[in-house]
Amino acid sequence: MVADTAVMLPVIDLTPFLENPDSEASREECRKAAEAMKTYSAFAVRDPRVTEEENSQFLDTLEDYFGQDDQVKLNDIRPDLSYQVGTTPECVELPRCGRDDKCIELVAKLTPENKPFAFDKPDPKWRFFWRIGEQPEKTDYPQLNADPVIPAAIPDWEQKMNHWGHHMHTAVKNVSEMLSVGFGLPINTLNELTQFGPHLLAPTGSNLAKYGQVGTVLAGFHTDLNLLTIHGKSRFPGLYIWTPQGDKLLVKIPDGCLLVQAGKQLEYFTGGAVKAGFHEVAVVESTLQAIERQKQKQRPLWRISSTLFFHTCSDKFLEPLEPFRNPESIKQYPKTTAGDQVAYELGFLELSK
């Protein structure tokens, strides 16, 4: 039996920050956000500008897209661009940990109840990458800033993707401002590093009619390579996260909230004070209940994640920031461009060949 006891993460309220970022209520939420990142590498966010209805509409659109015949979706792949725009088919992405000796050593040290599922096979999920935000006029990493792919069969695709992507991008930019304040940095520190970043709206689709058995891994054990990852609430439970202390938690997000997770670039900037959050997605007992609800609605049995990857600008440097900068952190996190770091990570995922 797969463990199915869900845990509520701390909820950060954006409202005080949006009303007055200098207020004591806002500063308290900023402190909470920074501490939650250090403790969990993740937290939930309540943004009054984002409604559950909009999340639901976006999920409907992606269910319709991924529910198409596979041959139709294959028209939207761009392997020559490392799949960084358009569709990535199932069984292409490989969990990074399976080729990383340090990660394998970390897993070996976890207690039995905290170990992940097997991560030695490609993920049976599809993904669609859609660029969000301003593109740089000049960059040394054009493959990370490519033109979008627009599927032929989904009406108003561009408008729908941009609408949800704008919500996620706006929310995560505010979160990055709050984290800057919570870390004792100037409010614009992280946002200035992400201007013209290759931000990607990156919803995944997992076919639960095909991969709906309890214990099936949909996204193997991994961390995200970017700065912050933000999602709307999925219709299907099954997301596990790990705290930096190695505790495995099945996440439950309150209705109307978003989920924010720390990526590798945030770990870099904080010199390891915040760890990139390990996570996986699997079919659990409560997933089966959600499948039945979806069947009753006569909707496609696809688990969608309404994800956006928030990136540091490809041409900016990654290195520990003050007050996280010291001889030890500089040695552990040597200076590199974000573009080189992303290219290195894509090699682990076997998307860049």
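These notes cover the structure that comes with them.

Conventions adopted
- Residues numbered from 1 in each chain as written.
- Predicted model: local features only at pLDDT ≥ 70, side-chain atom pairs only at ≥ 80, totals over all residues.
- Heavy atoms only, no water.
- Buried < 20%, exposed > 50% of the residue type's maximum accessible area, 1.4 Å probe, protein only.
- Helix = DSSP H or I, 4+ residues; strand = E, 2+ residues; numbered from the N terminus.
- Pairing = 2+ DSSP bridges.
- Axes fitted to C-alpha atoms, helices over the stretch in contact; angles between N-to-C directions.
- Parallel < 35°, antiparallel > 145°, perpendicular 65-115°, else oblique.
- Left-handed = near helix turned anticlockwise from the far one by under 90°.
- Contact = heavy atoms within 4.5 Å.
- Nonpolar A, V, L, I, M, F, W, Y, C, P; charged D, E, K, R; others polar.
- Phe/Tyr/Trp six-rings, centres within 6.5 Å; stacked < 30°, edge-to-face > 60°.
- Lys NZ or Arg CZ within 6 Å of the ring centre and 35° of its normal.

**Notes on the pairing of strand E3 (residues 42-46)**
Within E3, four of the five residues are buried, which leaves it mostly tucked inside the rest of the structure. Bridge count for strand E2 (residues 11-13) against E3 is three bridges, and the pairing is parallel. Looking across to E3, one finds that Ile 12 is bridged to Val 45.

**Some details on the packing of helix H3 (residues 52-66) against helix H6 (residues 157-182)**
Their axes nearest at 11 Å, the elements H3 and H6 cross at an angle of 135°. Viewed along their axes, H3 and H6 adopt a mutual orientation that is oblique. Relative to H6, the crossing made by H3 is left-handed. On H6, the residues that touch Glu 54, Asn 55, Phe 58, Thr 61, Leu 62 and Tyr 65 of H3 are Trp 157, Lys 160, Met 161, His 163, Trp 164 and His 167. Looking at the contact of H3 with H6, its residues break down into six nonpolar, four polar and two charged.

**Notes on the environment of Trp 302**
Tracing the backbone through its elements, the reader meets Trp 302 in strand E14 (residues 302-305). A relative accessible area of 7% places Trp 302 in the buried class. Setting aside anything within four residues of it in sequence, one finds Trp 302 in contact with Glu 63, Phe 66, Gly 67, Lys 73, Trp 126, Gly 205, Ser 206, Asn 207 and Phe 236.

**Side note on the packing of aromatic side chains**
Taken as a whole and judged by the stated rule, the model has 13 aromatic pairs. Between the aromatic rings of Phe 119 and Phe 221, the centroid separation amounts to 6.0 Å while the plane-to-plane angle is 35°, which identifies the pairing as tilted. One end of the pair, Phe 119, is in the loop between helix H5 (101-109) and strand E5 (126-131); the other, Phe 221, is in strand E8 (residues 217-222), and 102 residues separate them in sequence. Here Phe 119 falls in the buried class, since its relative accessible area comes to 16%. Since its relative accessible area comes to 0%, Phe 221 is described here as buried. Consider the rings of Phe 221 and Phe 278, whose centres lie 4.5 Å apart with planes at 10°: the pair is stacked. Of this pair, Phe 221 sits in strand E8 while Phe 278 sits in the loop between helix H8 (264-269) and strand E13 (279-282), and the two are 57 residues apart along the sequence. Members of the aromatic cluster, each reached through a chain of ring pairs, are Tyr 65, Phe 66, Phe 128, Trp 157 and Trp 302. Seen from the ring of Phe 117, Lys 248 lies directly overhead, with NZ or CZ sitting 4.6 Å from the centre. Sitting above the plane of the Tyr 240 ring, Lys 248 keeps its charged end 4.4 Å from the centroid.

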